[in-house]
Amino acid sequence: MTSYVTRLGTGFDVHAFTEGDHVWLGGVKIPADRGVLAHSDGDVALHALTDALLGAIADGDIGTHFPPSDEQWRGASSDRFLAHAVKLVRERGGKIDHLDITVLAEAPRIGAHREAIRLRIAEICGVPLNSVSIKATTTEKLGFVGRAEGLAAQAAATIRLPEADGLDAV
């Protein structure tokens with residue numbers, strides 16, 4: 001019987017606002033007064049979650065796997081980044097237990113989009129809906145988020161990996 005160890009990874013992402021009429025959050029296109037300045041689609045929620053999964057398997061970060069200097073990722077849909085991280089977890093025999101995201105923004109409000117975001121993330125990651133949490137908060141008008149200059153997201157991913165057999169021990 002395989003024995004598993006629990007691993008936790010965290011991620012953070014931020015993007016400044018620019019001209020536009022929508023933002024991508026959690027794989028969902030949300031109408032907004034402005035867009036975000038980014039090399040890809042600028043989905044802070046999926047970027048933070050991708051980093052959280054990569055952190056849980058100790059495999060670098062989103063920039064390692066999808067460098068912004070590489071033009072093939074210009075305008076790319078962030079669901080591709082998250083799907084890649086999920087694939088890496090599964091290739092190591094891992095199981096995703098829980099995904100938790102907090103969006104930090106004055107706007108847009110995500111309440112009306114919360115369930116669509118949860119559903120989209122569950123779909124991308126192949127996990128049950130009750131394994132995905134999405135929350136939002138403001139920064140009480142403090143900092144760049146409070147001044148509505150941009151938005152950010154932080155994420156945590158809890159996974160289980162097969163216990164090391166000693167081959168990769170220090």
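Refer to the structure above for everything that follows.
A quick note: this is a predicted structure, and the numbers were derived from the prediction, not measured.

**With respect to the nonpolar core**
The biggest cluster of nonpolar side chains holds 42 residues, and the ones touching the most others in it are Leu25, Leu53, Leu99, Ile101 and Ile121. Elements supplying a minimum of two residues to this core: β2 (22–25), β3 (28–31), α1 (44–56), α3 (79–91), β5 (95–104), α4 (114–125), β6 (132–137) and β7 (150–162). Per element, the largest residue contribution to this core is 9 residues, and it comes from α1. Here Leu99 is in contact with Leu49, Leu53, Ile121, Cys125, Val127, Ser131, Val132, Ser133, Ala156 and Ala157, once residues within four sequence places are set aside.

**Considering unusual backbone geometry**
In this structure, Pro108 follows Ala107 across a cis peptide bond, with omega equal to 0 degrees. As for its position among the elements, Pro108 is in the loop between β5 and α4. At Ala58, a position not held by glycine, the phi torsion is positive, near 55 degrees. For Glu140, which is not glycine, the phi torsion reads 55 degrees and is therefore positive. Mapped onto the elements of the fold, Glu140 is located in the loop between β6 and α5 (143–146).

**Overview of α4**
Spanning 12 residues, α4 covers 17 Å between terminal C-alpha atoms, matching the ideal 16 Å at 1.5 Å per step. Among the structural elements, β2, β3, α1, α3, β5 and β6 are those in contact with the buried residues of α4. Where α4 terminates, the next one or two residues include Gly126, which has phi positive at roughly 65 degrees.

**Focus: the layout of surface pockets**
Considering only enclosed or pocket space, the largest pocket measures out at about 190 Å³ in volume. Along its surface, the largest pocket is lined by Asp13, His15, Ala38, His39, Ser40, His47, Ile62, Gly63, Phe66, Pro68, Trp73 and Phe81. Listed by contribution, the elements that provide at least two residues to the lining of the largest pocket are β1 (4–18) and α2 (62–65). Of the residues in the lining of the largest pocket, the class split is 6 nonpolar, 5 polar and 1 charged.

**Focus on the packing of aromatic side chains**
Applying the stated criterion across every chain, the model contains 3 aromatic pairs. Seen from their ring centres, Phe66 and Phe81 are 4.4 Å apart, and the 35 degrees between their planes marks the pair as tilted. Of this pair, Phe66 sits in the loop between α2 and α3 while Phe81 sits in helix α3, and the two are 15 residues apart along the sequence. We classify Phe66 as buried; its relative accessible area is 11%. The buried category is assigned to Phe81, whose relative accessible area is 3%.

The rules behind each value
Residues numbered from 1 in each chain as written. Predicted model: local features only at pLDDT ≥ 70, side-chain atom pairs only at ≥ 80, totals over all residues. Heavy atoms only, no water. Core = buried A, V, L, I, M, F, W, Y, C linked by side-chain atoms within 4.5 Å. Buried < 20%, exposed > 50% of the residue type's maximum accessible area, 1.4 Å probe, protein only. Helix = DSSP H or I, 4+ residues; strand = E, 2+ residues; numbered from the N terminus. Contact = heavy atoms within 4.5 Å. Expected span 1.5 Å × (residues − 1). 1 Å grid on protein atoms, 1.4 Å probe; cavity = no way out; pocket = protein on both sides within 12 Å on 5 of 7 lines; lining within 4 Å. Points joined across faces, edges and corners; volume = space filled by probe spheres on them. Nonpolar A, V, L, I, M, F, W, Y, C, P; charged D, E, K, R; others polar. Phe/Tyr/Trp six-rings, centres within 6.5 Å; stacked < 30°, edge-to-face > 60°.

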